[in-house]
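# Results of the structural survey
As a plain string of letters, each chain reads:
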Amino acid sequence: MADKPIRVYDLPEGSRLSRRLKLAANVGSFAWSQDGRFLAAPLEDGTIWVWETSSWEGHKITTSRAPFHVVSWTSDSRHLLAGARDGKVRFLDAFRPTQDTAFSIGDQRIATIACAPRTEQFVAGGGATVYLWDLARSTDPRPLRAHRDNVLALAWAPTGQV
């Protein structure tokens, strides 16, 4: 399989920030940690890669049978939430790959995921439903069904609204 290059640029300057990062599979999306120190990417081969942006050294943190499509960093810049095509969201320690927890929304592909700023809540979209979790309270996902079409993107406002 051919290498898939990734390049990171400083847009105002137009300069390249990273060396050419090579991966063996296509990337689904990217997510910067909230402190800017890490960049994460889920690959279609079921792996997630994390790079430290000061050196651009990277490591693989997990492998899954179902490819991950999206990732989002928690506010502590230590944990990732990863949404897979099989309807599962995994809560991962980006630096201890064996420690994770899985949440499920059935068989809907997770199209988008977002962590709240400064809290332990996150939302994920699959099909026409948005699901809300509170990691601090270990709650089951709460479905928010106010959509007729597929949910393709979610974002938290700095004030805490989705």
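Below: a short report on this structure. (Residues numbered from 1 in each chain as written. Predicted model: local features only at pLDDT ≥ 70, side-chain atom pairs only at ≥ 80, totals over all residues. Heavy atoms only, no water.)

## As for the sheet that holds strand S14 (residues 121-126)
Strand order in the open sheet formed by four strands is S13-S14-S15-S16, and the pairing between neighbours is antiparallel. Each edge of the open sheet is held by one strand with a lone partner, namely strand S13 (110-115) and strand S16 (142-144). Neighbour to neighbour, the strand axes of the sheet diverge by 25° on average, direction disregarded. As judged from the three bridges shared by strand S15 (residues 129-134) and S16, these two strands associate in the antiparallel manner. Along S16, the bridge assignment pairs leucine 132 with arginine 142. (Pairing = 2+ DSSP bridges. Helix = DSSP H or I, 4+ residues; strand = E, 2+ residues; numbered from the N terminus. Axes fitted to C-alpha atoms, helices over the stretch in contact; angles between N-to-C directions.)

## Concerning the environment of valine 70
As for its position among the elements, valine 70 is in strand S9 (residues 68-73). Through-space distance from the C-alpha of valine 70 to that of alanine 114 is 9.3 Å; in sequence the pair is 44 residues apart. The contacts of valine 70, once residues within four sequence positions are left out, are Ser29, Pro42, Leu81, Ala82, Gly83, Ile110, Ala111, Thr112 and Ile113. (Contact = heavy atoms within 4.5 Å.)

## Quick look at the side chain of serine 33
Relative to the helices and strands, serine 33 is located in the loop between strand S5 (31-32) and strand S6 (38-42). A polar side-chain atom of serine 33 sits 3.2 Å from the main-chain amide nitrogen of arginine 37. Look past the residues within four positions of serine 33 in its chain and what remains in contact with it is Phe38, Trp73 and Ser77. (Polar contact = N/O pair within 3.5 Å; in protein donor to acceptor, adjacent residues only side chain to side chain.)

## Focus on the nonpolar core
Formed by 15 residues in total, the largest nonpolar core has its most connected members in Ile48, Val50, Val71, Trp73 and Leu80. Contributing elements (two or more residues each) for this core: S6, strand S7 (47-52), S9 and strand S10 (79-84). In contact with valine 71, other than residues within four places in its own chain, are Ser29, Ala31, Ala40, Pro42, Ile48, Leu80, Leu81, Ala82 and Ile113. The next biggest cluster of nonpolar side chains, apart from the first, holds 13 residues, and it includes Val70, Ile110, Phe122 and Trp133. (Core = buried A, V, L, I, M, F, W, Y, C linked by side-chain atoms within 4.5 Å. Buried < 20%, exposed > 50% of the residue type's maximum accessible area, 1.4 Å probe, protein only.)

## Here's the deal with the environment of alanine 40
Among the structural elements, alanine 40 can be located in strand S6. Alanine 40 sits 30 residues away from valine 70 along the chain, and the two C-alpha atoms are 9.6 Å apart. If near-sequence neighbours (up to four positions away) are discounted, alanine 40 is found in contact with Ser29, Phe30, Ala31, Trp49, Val50, Val71, Trp73 and Leu80.

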